[in-house]
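Inside the fold
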Amino acid sequence: MRQLELDLNRCSWFSLQCDESVDSSDTAQLAVFTWMAFHDFSTKEEFLTLLPLKTTTKGVDIYNAVKEYLVEKKVPIEKVVSITTDGAPAMTGRHMGFIAHCKADPDFPKCLNYHCIIHQQAICGKVLGFDHVMTPVVKTINSIRAKAKQHRSFKLFLEECSAEYGDLLLHTEVRWLSRGKILQRFLSLLGDIKAFMEMRGEDASLLSDAEWLLDLAFLADVTEKTNQLNQHLQGREKNVCDMISAVKASRITSSKSKTKDFNTFRQLQRCWTAKQEQKKC
């Protein structure tokens, strides 16, 4: 921490990145990172602090927590050149958001503010319009895992079938990208899930619908690619050039689906091939 304080005072300027989330104890936590630039044009990225927001998480609460920390630690606020946040109203609200409070504070210099592109990517992903795929998948997973006895029976069934995986993954709406891993696991166990449902006398006809399976495979591949992009956009010492390259590479991959070049969409390729072979029969 002492070294970080020295670096903040020695650097020419620095930026702040803030992200608020809720932990397992339902306490809102604000993670703050900083990226410092020095006189010799070298840069350094460091975790600055984790600030608990014990009551509300309004823009003024976030601003007060950050300002109090910066003042207490004698951080040179005048060196701030940019602030990056997610797109929540508490962060970016025009009048009452965290950024608005910073702009209204004379202690803060005039600085740039950015909306994290990873959050933008996740928001775009939420409007894909594939509820007809996710709803049955989540319903099926929940029906299997909801009751302890049935869940144990399903895991035993997978073990007897020597399935690739030993269980299904639960979906969480908070982490949208979790659906990528869930869909991949669901597709890997599709035959076993269908057999288990039929064994219990449940309707599994949707799991044999060729068109629905194509949509399922497409969504699984898209979310997998989005997961990969998300990982490439994160990590230490990533600059805008690295991020632009990752986004461009992702766009090239996505554009191939328009020409029915499914080589990079492994699940869709498999389902498409199976559908074509079924037509021949």
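Below or above, wherever it landed, is the structure these notes cover. (Residues numbered from 1 in each chain as written. Predicted model: local features only at pLDDT ≥ 70, side-chain atom pairs only at ≥ 80, totals over all residues. Heavy atoms only, no water.)

1. Some points on the sheet that holds strand E1 (residues 13-22)
Reading across from one edge, E3-E2-E1-E4-E5 is the order of the five strands in this open sheet, with mixed pairing throughout. Every other strand in the sheet has two partners, leaving strand E3 (43-53) and strand E5 (112-115) as the edge strands with one partner each. Geometrically, the sheet is characterised by an average inter-axis angle of 20° between neighbouring strands, direction not taken into account. Of the strand pairs in this sheet, E1 and strand E4 (residues 80-85) are connected by four bridges, and their pairing is parallel. Looking at the pairing, Ser15 lines up with Ser82 of E4. Set on the sheet, helix H1 (residues 2-10) makes contact with E1, strand E2 (28-37) and E3; between it and E3 the angle comes to about 115°. Packing of helix H2 (residues 59-72) onto the sheet brings it into contact with E1, E2 and E3, and relative to E3 it is tilted by some 120°. (Pairing = 2+ DSSP bridges. Helix = DSSP H or I, 4+ residues; strand = E, 2+ residues; numbered from the N terminus. Axes fitted to C-alpha atoms, helices over the stretch in contact; angles between N-to-C directions. Contact = heavy atoms within 4.5 Å.)

2. Considering the packing of helix H6 (residues 131-145) against helix H10 (residues 210-233)
At their nearest, the axes of H6 and H10 sit 9 Å apart, and the two run at 90° to each other. As far as their axial angle goes, H10 and H6 are roughly perpendicular. Contacts between H6 and H10 pair His132, Val133, Met134, Pro136 and Val137 from the former with Trp212, Asp215, Leu216 and Leu219 from the latter. Residue composition of the contact of H6 with H10, by class: seven nonpolar, one polar and one charged. (Parallel < 35°, antiparallel > 145°, perpendicular 65-115°, else oblique. Nonpolar A, V, L, I, M, F, W, Y, C, P; charged D, E, K, R; others polar.)

3. With respect to the environment of Leu168
Inspection of the secondary structure assignment puts Leu168 in the loop between helix H7 (148-160) and helix H8 (178-188). Here Leu168 is in contact with Ile141, Ile144, Arg145, Phe154, Arg185, Phe186, Leu189 and Ile193, once residues within four sequence places are set aside.

4. What about H2?
In this model H2 runs 20 Å from its N-terminal to its C-terminal C-alpha over 14 residues, within 8% of the 20 Å that 1.5 Å per residue would give. Taken together, the buried positions of H2 are occupied by Gly59, Asp61, Ile62, Tyr63, Ala65, Val66, Lys67, Tyr69 and Leu70. Lining the buried residues of H2 we find E1, E2, E3, helix H3 (89-92) and helix H4 (98-104). Positive phi appears at Lys74, one or two residues downstream of H2, with a value of about 55°. (Expected span 1.5 Å × (residues − 1). Buried < 20%, exposed > 50% of the residue type's maximum accessible area, 1.4 Å probe, protein only.)

5. Focus on the packing of H7 against helix H9 (residues 190-199)
At a closest axis distance of 11 Å, the pairing of H7 and H9 adopts a crossing angle of 125°. When the axes of H7 and H9 are compared, the pair comes out oblique. Between H7 and H9 lies a crossing whose hand is right-handed. Of the residues in H9, those touching H7 at Gln150, Ser153, Phe154, Phe157 and Leu158 are Asp192, Ile193, Ala195, Phe196 and Met199. The residue inventory of the contact of H7 with H9, partitioned by class, reads seven nonpolar, two polar and one charged. (Left-handed = near helix turned anticlockwise from the far one by under 90°.)

6. Considering H9
Among all positions of H9, only Leu190, Asp192, Ile193, Phe196 and Met197 are buried. Looking straight down H9, one finds that the buried residues subtend no more than 165° of arc, so they occupy a single side. Residues of H9 that are exposed and point over 90 degrees away from its buried face: Gly191 and Met199. After H9 finishes, the residue Gly201 shows a positive phi value of roughly 75°. (Arc of directions from axis to C-beta.)

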